[in-house]
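Inside the fold
If you want the building blocks of each chain, they are given just below.
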Amino acid sequence: MTTNGESAREPDAGSSSSPYAGIVGRVSQADDLLHAANIAVTRALAEAGRSALRQAARSGERPRGMGSDMEMRSIAAEIAGVRRSHDRRAQSEIDHALTIVDDYPAVFEAWEQQRITRDHVDVVVRMGCGLADDIRDDYARQAISICERDIASRVREPLRNLAARMGSESFAERHRTAAAKRGVWVTHGTDGMSELGATLPTVIAAGIHDRLTTMAQSVKDARATAAEAPADGPAGDAAGPDIRTMDQLRADILGDLLLGGAPVVDPTHGSDAAGPLGAIRAQVQVTLTSEMVTGADDAPAELVGASLIDADTARNLAGRARIWNRLFVDPITRTPVEVDTYRPTAAMSRLLKARDQHCRFPGCRRAAIRCELDHTIDHALGGHTHIFNLAHLCQRHHSMKQFTKWEVRQIGGGILEWTSPLGRVYREDVPIPSVCFVPDTGGAPPPGAGSDEPPPF
């Protein structure tokens with residue numbers, strides 16, 4: 001579109017004249033209205049619940065927590081009629097509103113002040129279910145602090161762990177109670193499809209998913225190999241590559257395993273023996289303390305990539321493990337500082353990148369992200385994978401250390417001491433960040449100000 005012979009240019013998306021600015025503004029206004037409405041509805045539903053409980057108490061009905069009473073059913077049916085919903089759903093909403101307003105007043109206030117969202121509130125209440133009354137306020141205070149720092153979908157696990165630490169029952173006791181509720185169910189849907197669900201111990205569920213994924217990938221790889229083989233070769237396959245997604249393959253293999261005990265269609269099947277899919281076993285990675293292994297501590301272990309598992313299950317898995325990797329963790333920072341394996345953990349790598357910043361050969365400033373982590377004392381010669389036996393070296397200086405007479409040792413605190421073939425010693429201190437916090441000294445200049453000496457930290 002043109003005006004007065006000039007081409008109209010689309011406004012920049014970040015400028016105040018951008019059409020997006022008006023759209024975002026309207027969304028924000030609508031959110032404010034929705035927020036106010038949700039607060040009002042929650043208050044009204046809670047008051048409806050209180051009114052029903054008061055009426056039930058006057059008529060001798062059972063109190064809240066002892067079962068559904070006629071007054072609560074009646075008011076729920078009334079509200080459901082107004083809102084054109086099911087009365088059971090209305091009663092559930094009333095109960096949830098009562099829990100938010102009466103049991104978590106600080107959380108409700110934080111929501112009302114828009115410090116957290118309704119999604120945060122629901123997660124806090126759900127994860128706090130079962131906590132004793134005397135610790136609920138403390139849980140709510142810490143939960144609000146967690147929720148204020150991140151979106152609702154990211155605080156579920158921190159809140160779950162917070163509630164686990166604060167609960168009166170040990171994790172092992174709660175796990176035994178929860179495991180007793182395990183089960184399988186089917187929800188029938190439309191178009192001839194249904195959902196099969198199961199509640200299982202976490203380590204079992206993670207193992208099932210891992211095994212299905214490994215099998216699905218084997219099917220894809222086998223079909224791809226067959227499709228690439230010559231048509232007249234022994235591996236020729238007119239069916240072509242498998243175009244199913246990984247989700248579809250996992251679902252198909254799950255059905256095959258449960259109904260037939262092994263995949264019904266196994267493209268890795270040989271002419272003289274069954275295919276190897278049935279031999280695939282799941283792998284899970286568990287992190288646990290030495291105290292837990294010996295039975296001195298029943299604190300939960302961590303199933304890496306999933307969640308916490310009970311100590312008995314962790315000890316059972318540890319007892320059958322063929323390979324052990326020790327992991328030494330700093331008790332203050334919770335950062336791994338040493339492992340038994342050659343490769344450092346991701347946390348150790350991040351710490352070392354932040355510490356080194358660049359290649360640790362004197363004078364070299366190649367960024368650490370472009371360097372290799374080197375064992376100062378070679379791992380093959382007994383050098384540990386410890387943060388004080390690791391340092392970043394660029395490829396040039398890594399090779400020079402390995403193939404020339406240059407030598408290096410770490411003297412503590414990440415400080416490297418290099419010795420040249422001529423016997424000269426060069427000290428490489430830990431780089432000082434160019435951006436750092438300086439404590440307030442009441443107006444006095446920071447250490448090193450006015451001189452060429454760096455601050456002493």
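Residues numbered from 1 in each chain as written. Predicted model: local features only at pLDDT ≥ 70, side-chain atom pairs only at ≥ 80, totals over all residues. Heavy atoms only, no water.

Going by what an unreviewed UniProt entry lists, the chain is known as HNH endonuclease and is assigned to Microbacterium plantarum.

Regarding the pattern of salt bridges
Applying the stated rule across the entire model yields 24 salt bridges. Glu-428 is the salt-bridge partner of Arg-360, the closest N and O atoms lying 3.6 Å from each other. With Arg-360 in the loop between α13 (346–356) and β10 (372–375) and Glu-428 in strand β15 (residues 425–428), this pair connects stretches of sequence that are 68 residues apart. Given a relative accessible area of 7%, Glu-428 falls into the buried group. A salt bridge links Asp-378 to Lys-401; the shortest N-O distance between them is 3.6 Å. In this pair, Asp-378 is assigned in the loop between β10 and β11 (385–386) and Lys-401 in helix α14 (residues 395–403), connecting sequence segments 23 residues apart. What makes Asp-378 partly exposed here is its relative accessible area of 37%. (Salt bridge = Lys/Arg side-chain N within 4 Å of Asp/Glu carboxyl O. Helix = DSSP H or I, 4+ residues; strand = E, 2+ residues; numbered from the N terminus. Buried < 20%, exposed > 50% of the residue type's maximum accessible area, 1.4 Å probe, protein only.)

Structural notes on the sheet that holds strand β9 (residues 336–339)
Two modes of strand pairing occur in sheets, parallel and antiparallel, and in both the strands are linked by backbone hydrogen bonds. Here we have 3 strands laid out as an open sheet, ordered β8-β9-β11, and antiparallel in their pairing. Unpaired on one side and paired on the other, β8 (327–329) and β11 mark the two borders of the sheet. As defined by bridge partners, β9 adjoins β11 across 2 bridges and the pair is classed as antiparallel. Looking at the pairing, Val-339 lines up with Thr-385 of β11. The strands touched by α13 are β9 and β11; relative to β9, the strand with the most contacts, the crossing angle is about 120 degrees. (Pairing = 2+ DSSP bridges. Contact = heavy atoms within 4.5 Å. Axes fitted to C-alpha atoms, helices over the stretch in contact; angles between N-to-C directions.)

Digging into the packing of aromatic side chains
All chains considered together, the criterion is met by 6 aromatic pairs. Where Trp-406 meets Trp-418, the ring centres are 6.4 Å apart and the plane angle is 70 degrees; that geometry is what we call edge-to-face. With Trp-406 in the loop between α14 and β13 (407–410) and Trp-418 in strand β14 (residues 416–419), this pair connects stretches of sequence that are 12 residues apart. We classify Trp-418 as buried; its relative accessible area is 0%. Among the aromatic residues, those joined into a cluster by ring pairs are Phe-361, Trp-406, Trp-418 and Tyr-426. The ring of Tyr-104 carries the charged tip of Arg-136 above its face, separated from the ring centre by 5.7 Å. (Phe/Tyr/Trp six-rings, centres within 6.5 Å; stacked < 30°, edge-to-face > 60°. Lys NZ or Arg CZ within 6 Å of the ring centre and 35° of its normal.)

Focus: the environment of His-188
With respect to the helices, strands and loops of the structure, His-188 is situated in strand β3 (residues 183–188). On the basis of relative accessibility, which here comes to 66%, the residue His-188 falls in the exposed class. When near neighbours in sequence (up to four residues on either side) are disregarded, His-188 contacts Met-193 and Ser-194. A polar atom in the side chain of His-188 sits 2.8 Å from the side chain of Ser-194. (Polar contact = N/O pair within 3.5 Å; in protein donor to acceptor, adjacent residues only side chain to side chain.)

Some words on the state of the cysteines
Under the definition given, this model contains 0 disulfides. Among the cysteines around Cys-394, which has no disulfide bond, Cys-359 carries the closest sulfur, lying 3.8 Å off. (Disulfide = S-S within 2.5 Å.)

Some details on helix α12 (residues 311–320)
All buried positions along α12 are accounted for by Ala-311, Thr-313, Ala-314 and Ala-318. Burial along α12 is one-sided: seen end-on, the buried residues are contained in an arc of 160 degrees. Of the residues in α12, the exposed ones pointing more than 90 degrees away from the buried face are Gly-319 and Arg-320. (Arc of directions from axis to C-beta.)

Examining the nonpolar core
Counting 39 residues, the largest nonpolar core has Val-107, Val-124, Tyr-139 and Leu-159 as the members making the most contacts within it. Of all elements in the fold, only α1 (19–58), α2 (70–83), α3 (87–103), α4 (105–112), α5 (118–127), α6 (133–147) and α7 (156–166) reach the threshold of two or more residues within this core. In this view, Leu-159 contacts Val-123, Val-124, Met-127, Tyr-139, Ala-143, Ile-146 and Cys-147; residues no more than four positions away in its chain are not counted. Ranked by size, the runner-up nonpolar core spans 12 residues in total, among them Phe-361, Leu-393, Met-400 and Trp-406. (Core = buried A, V, L, I, M, F, W, Y, C linked by side-chain atoms within 4.5 Å.)

Notes on helix α10 (residues 246–260)
Here α10 contains 15 residues, and its C-alpha end-to-end distance of 20 Å stays within 8% of the 21 Å for a straight helix at 1.5 Å per residue. Within the sequence span of α10, burial applies to Leu-249, Arg-250, Ile-253, Asp-256 and Leu-257. Buried positions in α10, seen along its axis, are confined to an arc of 130 degrees and lie on one side of it. What points out from α10, more than 90 degrees from its buried face, is the exposed set Asp-247, Leu-258 and Leu-259. Gly-261, located one to two residues past α10, shows a positive phi value of around 80 degrees. (Expected span 1.5 Å × (residues − 1).)

Structural notes on the environment of Ser-74
Relative to the elements of secondary structure, Ser-74 occurs in helix α2. Looking at Ser-74, the relative accessible area reads 44%, which means it is partly exposed. For the pair formed by Ser-74 and Gln-91, sequence separation is 17 residues and the distance between their alpha carbons is 9.3 Å.

What to know about the layout of surface pockets
In this structure, the second largest pocket occupies an estimated 940 Å³ of space. Lining the second largest pocket are 29 residues, with Arg-160, Phe-171, Arg-174, His-175 and Ala-178 sitting closest to its centre. Looking at the lining of the second largest pocket, the elements that each hand over two or more residues are α5, α7, α8 (171–179) and β7 (308–309). In terms of residue class, the lining of the second largest pocket is made up of 13 nonpolar, 9 polar and 7 charged. (1 Å grid on protein atoms, 1.4 Å probe; cavity = no way out; pocket = protein on both sides within 12 Å on 5 of 7 lines; lining within 4 Å. Points joined across faces, edges and corners; volume = space filled by probe spheres on them. Nonpolar A, V, L, I, M, F, W, Y, C, P; charged D, E, K, R; others polar.)

Some remarks on the sheet that holds β7
If you walk across this open sheet you meet the 3 strands as β5-β6-β7, and the pairing is antiparallel. Each edge of the sheet is formed by a strand with only one pairing partner; in this case those strands are β5 (286–287) and β7. Of the pairings in the sheet, the one linking β5 to strand β6 (residues 301–303) comprises 2 bridges and is antiparallel in character. Bridge assignment links Val-286 to a residue of β6, and that residue is Leu-303.

A look at unusual backbone geometry
With the exception of glycine, the majority of residues adopt a negative phi angle, and the majority of peptide bonds are in the trans configuration. The phi angle at Arg-84 is positive, at roughly 55 degrees, despite the residue not being glycine. Within the secondary structure layout, Arg-84 lies in the loop between α2 and α3. A positive phi angle is found at Asp-191, which is not glycine, with a value near 60 degrees. As for its placement among the helices and strands, Asp-191 is situated in the loop between β3 and β4 (194–199). A relative accessible area of 75% means that Asp-191 is categorised as exposed.

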